[in-house]
Amino acid sequence: MSNYSSEQRPVVALIGTGGTIASVAGVETQLSDYTVSNDVGSLIQAVPALQSLAVFEFEQVCNIESHGIGDALLLRIAHRVNAWLALEHVSAVVITHGTDTLEETAYFLNLVVKSEKPVVLVGAMRPSSALSADGPLNLFHAVSAAVCRESVGKGVLVVMNDRIIAARHATKGHTTNVDAFVVPEQGCLGVVSGLDVQYFNAPLRRHTTRSEFCVDHALQSLPPVDIIYDYQGAGTHLYEASLGAGARGIVLAATGNGSLSPAALAGATMALGQGVAFVRASRVWQGSVRPSQRDGQLGVVAAQSLNPQKARVLLRLALLEPRDRVSLQRLFDEY
Ligand code: ASP
């Protein structure tokens with residue numbers, strides 16, 4: 001791709017939400033204990049080369065670390081993305097975001113954004129003040145991908161460390177390394193190097209305009225769903241607490257191939273007895289938990305290749321309307 005003349009440059013809406021990409025630490029060797037302090041306007045200013053790619057309009061939705069994002073903010077991000085994309089003159093949206101929960105926001109948007117236009121989430125593993133900060137090039141690459149015509153219709157994308165990854169598959173796989181985002185099994189969609197964007201794959205699961213989910217402005221929160229991590233010697237107290245707190249669904253981060261330990265089986269029986277949905281995902285980071293005959297007998301749903309945190313995103317949207325097990329399993333098979 002070549003540079004655009006000013007008349008040809010597409011308009012990109014840049015939405016800032018915070019995260020390490022917007023953070024500053026005391027000295028350049030300090031890679032933790034930093035503070036989110038840069039707004040989205042200063043992120044653009046820090047990368048003058050961005051001006052060759054696009055004309056920017058921007059909005060600061062929040063400026064926090066991503067583990068602080070709750071329902072109200074998540075819904076607001078979704079509404080703002082849809083609002084920007086509905087503007088005819090806007091070609092794409094890029095969202096700067098903390099990496100900790102980036103995959104959750106990305107997958108949520110993948111299910112509720114109603115546009116074919118590119119939406120790209122980007123973050124950084126090192127604060128902007130660090131030696132070899134990764135934020136500026138990640139941001140440049142995110143915009144490169146966002147203005148690439150081939151990104152149209154590919155659903156929500158994550159761009160980190162030169163890779164373009166489908167929101168459905170991206171997951172954070174390292175606590176500190178700049179190569180933090182991994183794509184178990186499915187592989188990345190493409191790569192980006194400066195202005196050069198190359199795609200190799202396209203996502204097949206339903207997303208954006210082919211998704212049946214939408215969030216309207218009247219919606220203030222999503223149905224509560226807990227994730228319970230299983231382990232040797234687990235008890236039933238976490239299931240009791242979750243149900244006692246009013247969970248509408250439980251996602252099990254099960255051992256192995258979605259195995260139900262004695263505690264998990266008791267938890268599932270309790271949950272289903274109270275009309276609470278129960279989904280088996282795995283704490284193993286690769287592979288799928290496929291539906292089994294026993295799921296049908298118990299009333300349990302299999303998460304397929306969604307990890308527990310993404311299974312939770314889908315289940316919360318699914319539970320916006322009453323559904324039986326068959327309908328829930330259909331969603332996990334298709335999205
Ligand atoms: N703590 C940060 C956050 O998720 C990590 C990051 O941005 O990479 O906001």
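One can find the structure itself at the top, above this paragraph.
Residues numbered from 1 in each chain as written. Predicted model: local features only at pLDDT ≥ 70, side-chain atom pairs only at ≥ 80, totals over all residues. Heavy atoms only, no water.

> In this structure, what is going on with the pairing of strand β14 (residues 249-254)? I would like to understand it.
Regular strands place side chains that alternate from one sheet face to the opposite one. β14 sits mainly inside the fold: six of its six residues count as buried. The two faces of β14 match: Gly249, Val251 and Ala253 on one face and Ile250, Leu252 and Ala254 on the other face are all buried. Here strand β13 (residues 225-229) runs beside β14; their pairing, made up of five bridges, is parallel. Looking across to β14, one finds that Ile227 is bridged to Val251. After leaving β13, the chain enters helix α5 (residues 237-244) and then returns to the sheet as β14, a path that is right-handed. (Buried < 20%, exposed > 50% of the residue type's maximum accessible area, 1.4 Å probe, protein only. Helix = DSSP H or I, 4+ residues; strand = E, 2+ residues; numbered from the N terminus. Pairing = 2+ DSSP bridges. Right-handed = clockwise from strand over helix to strand, strands pointing away.)

> So what exactly am I meant to see when it comes to the state of the cysteines here?
Disulfide: a covalent bond formed between the sulfur atoms of two cysteine residues. The final tally for this structure, using the stated rule, is zero disulfides. Here Cys148 is not cross-linked by a disulfide; its sulfur's nearest cysteine counterpart is in Cys188, at 14 Å. (Disulfide = S-S within 2.5 Å.)

> Teacher, can you tell me more about the site of the ligand here?
If you check the shell around the ligand, you find Gly19, Thr20, Glu65, Ser66, His67, Gly98, Thr99, Asp100 and Ala124 and nothing else. Here an oxygen atom of the ligand sits 2.2 Å away from a polar atom, N or O, in the side chain of Thr99. Residues that form the shell around the ligand fall into these classes: one nonpolar, six polar and two charged. (Near = heavy atom within 4 Å. Polar contact = N/O pair within 3.5 Å; in protein donor to acceptor, adjacent residues only side chain to side chain. Nonpolar A, V, L, I, M, F, W, Y, C, P; charged D, E, K, R; others polar.)

> For this particular structure, what's the right way to read the side chain of Lys310?
Among the secondary structure elements, Lys310 is positioned in helix α8 (residues 308-318). No salt bridge forms around the buried Lys310; measuring N to O, its nearest opposite-charge neighbour Glu103 is 4.5 Å away. A polar atom in the side chain of Lys310 sits 2.4 Å from the backbone oxygen of Ala170. Among all residues touching Lys310, those that are not within four sequence positions of it are Glu103, Tyr107, Ala167, Arg168, His169, Ala170 and Thr171. (Lys, Arg positive; Asp, Glu negative; His and termini not counted. Salt bridge = Lys/Arg side-chain N within 4 Å of Asp/Glu carboxyl O. Contact = heavy atoms within 4.5 Å.)

> In this structure, what is going on with the side chain of Ser242? I would like to understand it.
Within the secondary structure, Ser242 is located in helix α5. Leave out the neighbours within four places in its chain, and Ser242 touches Asp226, Ile228, Ala247 and Ile250.

> Quick question: what am I supposed to make of the sheet that holds strand β15 (residues 277-282) here?
Strand pairs in the sheet, formed through backbone hydrogen bonds, run parallel or antiparallel to each other. Read across the sheet, four strands follow the order β13-β14-β15-β16 without closing on themselves; strand pairing throughout is parallel. Either end of the sheet is taken by a strand with one partner, and the two such strands are β13 and β16 (301-302). Relative to β15, β14 runs parallel, the two sharing six bridges. Note that in β15 the partner of Gly249 across the bridge is Ala277. Its contacts with the sheet put helix α6 (residues 262-273) on β14 and β15, and the angle it makes with β15 is roughly 150 degrees. (Axes fitted to C-alpha atoms, helices over the stretch in contact; angles between N-to-C directions.)

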